[in-house]
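Listed below are the residues making up each chain.
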Amino acid sequence: MRLMNSRTTRAIVVAFAAGSLALTGCSSNDGSGTKADAKNQKDAESQAKPMVYADAAASQGPAPEVAGAKKGGTIKAYMETDLTHLDPAQIYVSDAGLFSNLIHRGLTNFKEDDKGNLSVVGDLATDAGKMSDDGKTWTFTLKDGLKDANGNPINSADVRHSVERTYAKFVFDGPTYLQTWLSGTDYRKALPDGGFGKKHLPDSVLETPDDKTVIFHFDTPRLDLPQTLAMPGYSLVPEETDTKEKYDKAPVATGPYKIEEFKSGKSLKLVRNENWDPASDAVRNAYPDAWNFEIGVTGSTQTQRLIADNGEDKSAIQFTGGIDGPKIPQVLKDKAIKARTVQGYQPYVMQLTFNLDKVKNKTVREAIAVGINSKSLLATEGGVYGGDAAPNLFAPTLPGYEPDYDPYGRLKTPQGDVKKAKELLKDVPAAEKKIVYAYPGSEAGQLRKVAIEDALTSLGFEVVAKEIDAASFYEQIGKVDNPYDAYVTGWGQDWPSASTVVTPIYDGDLVADGGSNYSHIKDPKVQELIKKALGQKPEEAQATWQEAHHYILEEVIPAAPLWYAKQFQLFGSNIGGARYSVESSYIDVNSLFLKK
């Protein structure tokens, strides 16, 4: 999943019952002065907990009460940029993913307790799904009495429509797991009009025998399906009110809130969806009556307002932004302010991605990977509270992570080995030392631009920086014919399997407009290893994914690892129930309430 601006799409950080790693973590609000109690890689390991697919009992609502919670009032949420998308099928970036949880629902979802334990439960469905035929067939039954915000009943036809519309050409920016599992990599050819005409997917693929039942048929076991369907990109779109391309501006809610007013670039207001029944929802508490999003507020301004804690800011949060780096010492020194923070380790690996269609010289890519300054970049992110220097492209939250795998010496020289990089570049022609660098026009993007520019210039490169609107950043660099040489991207696993990292961003079959293969890597060896791993059991596949990871970093170098992301957020003194969510990697919006 893509990390947006301050760090990417909602992170799904869970684990299989077999015991693969999961990230958990609540903030340490003990007011211990300036002690560096930031989350580290050992937190990601020591806090590992198993994952289960829950039964019908665990999928029943209402959601467990938060201690001391009250209903009512309005929470104010600060955002620096517009949401990337509101249409569920287009959501694959973290800010929109977190927002999606407030207005959309899918067949399944992740349920998180107050200790960070996660399970997959039925959301619109009665449970996490019933598997048969060794995982090739999955059956879901819809709960009784479900309605959308217009009061229309939700039935299996709506689920079928929500799946089929992801095949439509106007859907270009969301996940593609389900579509490719059902219909192959050329899935659009199976349903060119996305189900809006008379043609539908055959019952041998997607079956809806009655109004309450949905059956998926695959040609190979898909044990991850309940986790896949919990992604915001597979949330429900009611068939009757689907406006195709226009749906991205005015979606019909199925969750606890609906959009009352949206002024692009300025504000967005959510009010209660009266047709949402808490008795059907095991995940969302929805204590506030409304949410007011103020858009266009920089991270530094957010931090200043929340530190001051005056007026409406007492009931405000940073939605996906983080504490402004220079203000972190002030936050840590004041016990009262520090008590109003949440922090945790995120699953995102930030990397300088190369457009291989333009930066064709491997020596150039290697020199940048060796010489890039992660230390200066981390300084703009908040130092140890913003992240750790990354030696490779697998995050500490990912099964198969190798903490000592460091092909470019990033652990010993996080500031970059300039001498070695220049030695590599000594015979490279001057014409190949010009880098067109694209960056989002956010405050964080501007700071990163300066650090990247300084680092590359110190290696002898001429840098031409090109600013992109922050809300459409991933859309622009996601175009195959984009005019840029390099850009900073962030990616986190969609669930804890390297298949959700290597496949979406390094699979040559996925080089397409709107795809996540931003480097445009098309390597036969990588393709071979991906195919091999996908055909293996998880415990066998892990070694194959590691082999692919080593080959990608050492033989291809589509990206230079920069840092592993962390989150450190601030909220107002009237906010109750604040905790770090291991599922979203942000403040847990499901548990929040106003104290008075």
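So, here is what we can say about the structure in this document.

Procedures and definitions
- Residues numbered from 1 in each chain as written.
- Predicted model: local features only at pLDDT ≥ 70, side-chain atom pairs only at ≥ 80, totals over all residues.
- Heavy atoms only, no water.
- Buried < 20%, exposed > 50% of the residue type's maximum accessible area, 1.4 Å probe, protein only.
- Helix = DSSP H or I, 4+ residues; strand = E, 2+ residues; numbered from the N terminus.
- Arc of directions from axis to C-beta.
- Contact = heavy atoms within 4.5 Å.
- Polar contact = N/O pair within 3.5 Å; in protein donor to acceptor, adjacent residues only side chain to side chain.
- Phe/Tyr/Trp six-rings, centres within 6.5 Å; stacked < 30°, edge-to-face > 60°.
- 1 Å grid on protein atoms, 1.4 Å probe; cavity = no way out; pocket = protein on both sides within 12 Å on 5 of 7 lines; lining within 4 Å.
- Points joined across faces, edges and corners; volume = space filled by probe spheres on them.
- Nonpolar A, V, L, I, M, F, W, Y, C, P; charged D, E, K, R; others polar.
- Core = buried A, V, L, I, M, F, W, Y, C linked by side-chain atoms within 4.5 Å.
- Pairing = 2+ DSSP bridges.
- Axes fitted to C-alpha atoms, helices over the stretch in contact; angles between N-to-C directions.
- Salt bridge = Lys/Arg side-chain N within 4 Å of Asp/Glu carboxyl O.
- Parallel < 35°, antiparallel > 145°, perpendicular 65-115°, else oblique.
- Left-handed = near helix turned anticlockwise from the far one by under 90°.

Residues of helix α16 (residues 524-534) that are buried: Val526, Leu529, Ile530 and Ala533. One side of α16 holds all its buried residues, which, seen down the axis, span an arc of 100 degrees. Among the exposed residues of α16, those pointing more than 90 degrees away from its buried face are Pro524 and Lys531. In this structure, the buried residues of α16 make contact with α15 (499-506) and α17 (538-556). Capping the start of α16, Asp523 holds a side-chain oxygen 2.9 Å from the backbone nitrogen of Lys525, two or three residues further along.

Counted under the stated rule, the structure contains 20 aromatic pairs. For the pair Tyr92 and Trp491, a centre-to-centre distance of 5.4 Å together with 75 degrees between the ring planes defines the contact as edge-to-face. Of this pair, Tyr92 sits in the loop between β2 (74-79) and α2 (94-103) while Trp491 sits in strand β17 (residues 486-492), and the two are 399 residues apart along the sequence. For Tyr92, a relative accessible area of 3% translates into the label buried. For Trp491, a relative accessible area of 4% gives the class buried. With 5.7 Å between their ring centres and 50 degrees between their planes, Tyr474 and Tyr518 make a pair best called tilted. With Tyr474 in helix α14 (residues 473-477) and Tyr518 in the loop between α15 and α16, this residue pair connects regions lying 44 residues apart in the sequence. Accessibility assignment for this pair places Tyr474 and Tyr518 in one class, buried.

Taking a probe equal in size to a water molecule and rolling it over the atoms shows the remaining empty space. What the second largest pocket holds in volume is close to 400 Å³. Forming the boundary of the second largest pocket are 26 residues, of which Glu112, Asn285, Arg579, Asp588 and Ser591 lie nearest the centre. Of all the secondary-structure elements, those providing two or more residues to the lining of the second largest pocket are α2 and β3 (108-112). Residue classes in the lining of the second largest pocket are distributed as nine nonpolar, eight polar and nine charged.

Mapped onto the elements of the fold, Thr213 is located in strand β8 (residues 213-217). A distance of 2.9 Å separates a polar atom in the side chain of Thr213 from a polar atom in the side chain of Asp210. Not counting residues up to four positions away in its chain, the partners in contact with Thr213 are Thr139, Phe140, Ser156, Glu207 and Thr208.

In this structure, Leu178, Phe216, Leu225, Leu352, Phe354 and Ile368 are the most contacted members of the largest nonpolar core, which totals 94 residues. Those residues in contact with Leu352 that sit more than four places away from it in its chain are Ile368, Ile372, Tyr437, Ile452, Ala486, Tyr487, Val488, Pro558, Ala559, Ala560 and Leu562. Formed by 32 residues, the second largest nonpolar core is a distinct cluster that contains Ile75, Ala149, Tyr257 and Tyr580.

What the second largest cavity holds in volume is close to 90 Å³. Tallying contributions element by element places helix α3 (residues 156-164) first for the lining of the second largest cavity, with three residues. Residue composition of the lining of the second largest cavity, by class: eight nonpolar, three polar and one charged.

What follows concerns the sheet that holds strand β13 (residues 341-354). The six strands lie next to each other as β14-β18-β13-β17-β15-β16, forming an open sheet whose pairing is mixed. Each end of this open sheet is capped by a strand with a single partner; those strands are β14 (387-389) and β16 (462-468). Within this sheet the neighbouring strands show an average axis-to-axis angle of 30 degrees, counted without direction. Where strand β15 (residues 434-440) lies against β17, two bridges are found, and the strand directions are parallel. Each bridged residue has a counterpart across the sheet, and for Tyr437 the counterpart in β17 is Ala486.

On a regular strand, each side chain points to the face opposite its neighbour's, so the side chains alternate between the two faces of the sheet. Strand direction decides the pairing type here: β2 and strand β11 (residues 290-295), joined by six bridges, are parallel. If you follow Ile75 over to β11, its bridge partner there is Trp291. By the bridge criterion, five bridges tie strand β10 (residues 267-272) to β11 in an arrangement that is antiparallel. Within β11, the position partnered with Ser267 by the bridge is Glu294.

Further remarks concern the pattern of salt bridges. Following the criterion strictly, the structure yields 23 salt bridges and no others. As a salt-bridge pair, Glu164 and Arg160 come within 3.1 Å of each other at their nearest N and O atoms. Here the residue Glu164 and the residue Arg160 both occupy positions in helix α3, the gap between them amounting to four residues, near one helical turn. Judged by relative accessible area, which is 1%, Glu164 ranks as buried. Through salt bridges with shared partners, one network takes in Lys76, Glu294, Arg305 and Glu312.

This brings us to the sheet that holds strand β4 (residues 118-122). Across the sheet, which stays open at both edges, the three strands sit in the order β1-β4-β3 with mixed pairing between neighbours. Bordering the open sheet on either side are β1 (52-53) and β3, each of which pairs with just one other strand. Here β3 pairs with β4 via five bridges, running antiparallel. Considered in β4, the bridge of Phe110 is made with Val120.

Attention shifts here to the packing of α15 against α17. Following both chains from N to C, one finds α15 and α17 inclined at 40 degrees, their axes separated by 10 Å at the closest point. In terms of axis orientation, α15 runs oblique to α17. Between α15 and α17 lies a crossing whose hand is left-handed. The segment α15 lies against α17, with Ser499, Val502, Thr503 and Tyr506 engaging Trp545, Ala548 and Ile552.

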